[in-house]
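The primary structure of each chain is shown beneath.
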Amino acid sequence: TQTTTLVSIDTGGVALPTGDGATAALVDPTGRRVAFVYRTRPGGALLDQLYLRELGSETTTLVSRRDGAPGNGSSRGPAFAPDGARLAFTSAATNLAANDTNGRNDVFAYDVAADALTLESYDQTGKPSNSTSQAGGFSPDGRKLAFVSSGANIVAGFSAVSSDLYLRDLDTGRAELVSLDPSGLAG
């Protein structure tokens, strides 16, 4: 249609908080949504928040939030599921998940229809991994999320020596270590 649309605005069409502006954007595979990172400097500190713009309804949602409060650390690296229904990202925020005391980046998945954010780089008890994690991508059906983590507590029986690749089933919560050598040992 040869039209240009501003997407880094709030639902009412008003500019987002004063800052450095949008630093990254990703269109979902269906073309209906755009995820973007918006950089601000509250109190002089650099902070990236992740937003989602619905192009049809012209609504903007802050994704990196919990109980209405924006993330207190930067969120980056959005990745859409093939149907656009879920969005994964990496965040250094410590207030997006309960008991997030690891002080490291964690992986989250956002369910667009449910407007629900869940931690995905967690251990067998549901607590955040004990080390850094980074979002990867979704399986073709959108039910599984691949992510990299150096956490030694995500899957029982495996202690990470370096970063390993995991696959989390978003329906069952089960995680499996997939970066194994041919004999079944962790990389």
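Residues numbered from 1 in each chain as written. Predicted model: local features only at pLDDT ≥ 70, side-chain atom pairs only at ≥ 80, totals over all residues. Heavy atoms only, no water.

Mapped onto the fold, Asp164 is located in strand S13 (residues 164–169). For the pair Asp164 and Arg53, spaced 111 residues apart in sequence, the C-alpha to C-alpha distance is 32 Å. Side-chain polar atoms of Asp164 contact the side chain of Ser179, separated by 3.1 Å. (Helix = DSSP H or I, 4+ residues; strand = E, 2+ residues; numbered from the N terminus. Polar contact = N/O pair within 3.5 Å; in protein donor to acceptor, adjacent residues only side chain to side chain.)

Looking now at unusual backbone geometry. Even without glycine at this site, Glu58 takes up a positive phi of about 55 degrees. As for its placement among the helices and strands, Glu58 is situated in the loop between strand S3 (47–54) and strand S4 (59–62). Classification of Glu58 as exposed rests on a relative accessible area of 51%. The backbone of Asp115 shows a phi angle near 50 degrees, a positive value even though the residue is not glycine. Inspection of the secondary structure puts Asp115 in the loop between strand S9 (106–111) and strand S10 (116–119). Owing to a relative accessible area of 38%, Asp115 belongs among the partly exposed residues under this scheme. (Buried < 20%, exposed > 50% of the residue type's maximum accessible area, 1.4 Å probe, protein only.)

Relative to strand S12 (residues 144–149), strand S11 (residues 133–138) runs antiparallel, the two being bridged by four bridges. Within S12, the position partnered with Gln134 by the bridge is Val148. Counted between consecutive antiparallel strands, the loop separating S11 from S12 contains five residues, among which Gly142 sits at a positive phi close to 75 degrees. Relative to S13, S12 runs antiparallel, the two being bridged by six bridges. Opposite Ser149, over in S13, you have Asp164 as the bridge partner. (Pairing = 2+ DSSP bridges.)

Glancing now at the sheet that holds strand S14 (residues 175–177). Pairing within the open sheet is antiparallel, and its four strands lie in the order S11-S12-S13-S14. Both outer strands of the open sheet, S11 and S14, are each paired with one neighbouring strand and no more. Across the sheet, the mean angle from the axis of one strand to that of its neighbour is 30 degrees, orientation sign disregarded. Strand direction decides the pairing type here: S13 and S14, joined by three bridges, are antiparallel. (Axes fitted to C-alpha atoms, helices over the stretch in contact; angles between N-to-C directions.)

The final tally for this structure, using the stated rule, is four aromatic pairs. Centroid distance Tyr38 to Tyr51: 6.3 Å. Interplanar angle 85 degrees. Geometry classified as edge-to-face. Placement of the pair is Tyr38 in strand S2 (residues 33–40) and Tyr51 in strand S3, with a sequence separation of 13 residues. Residue classification places Tyr38 among the buried positions, given a relative accessible area of 9%. Relative accessible area serves as the criterion here: at 11%, Tyr51 is assigned to the buried category. Residues Phe89 and Phe108 carry aromatic rings whose centres are separated by 5.7 Å and whose planes lie at 20 degrees to one another, so their mutual orientation is stacked. With Phe89 in strand S8 (residues 86–91) and Phe108 in strand S9, this pair connects stretches of sequence that are 19 residues apart. Residue classification places Phe89 among the buried positions, given a relative accessible area of 0%. Among the aromatic residues, ring-to-ring pairing joins Phe36, Tyr38 and Tyr51 into one connected group. Note that Arg168 overlies the ring of Tyr122, its terminal NZ or CZ placed 3.6 Å from the centroid. (Phe/Tyr/Trp six-rings, centres within 6.5 Å; stacked < 30°, edge-to-face > 60°. Lys NZ or Arg CZ within 6 Å of the ring centre and 35° of its normal.)

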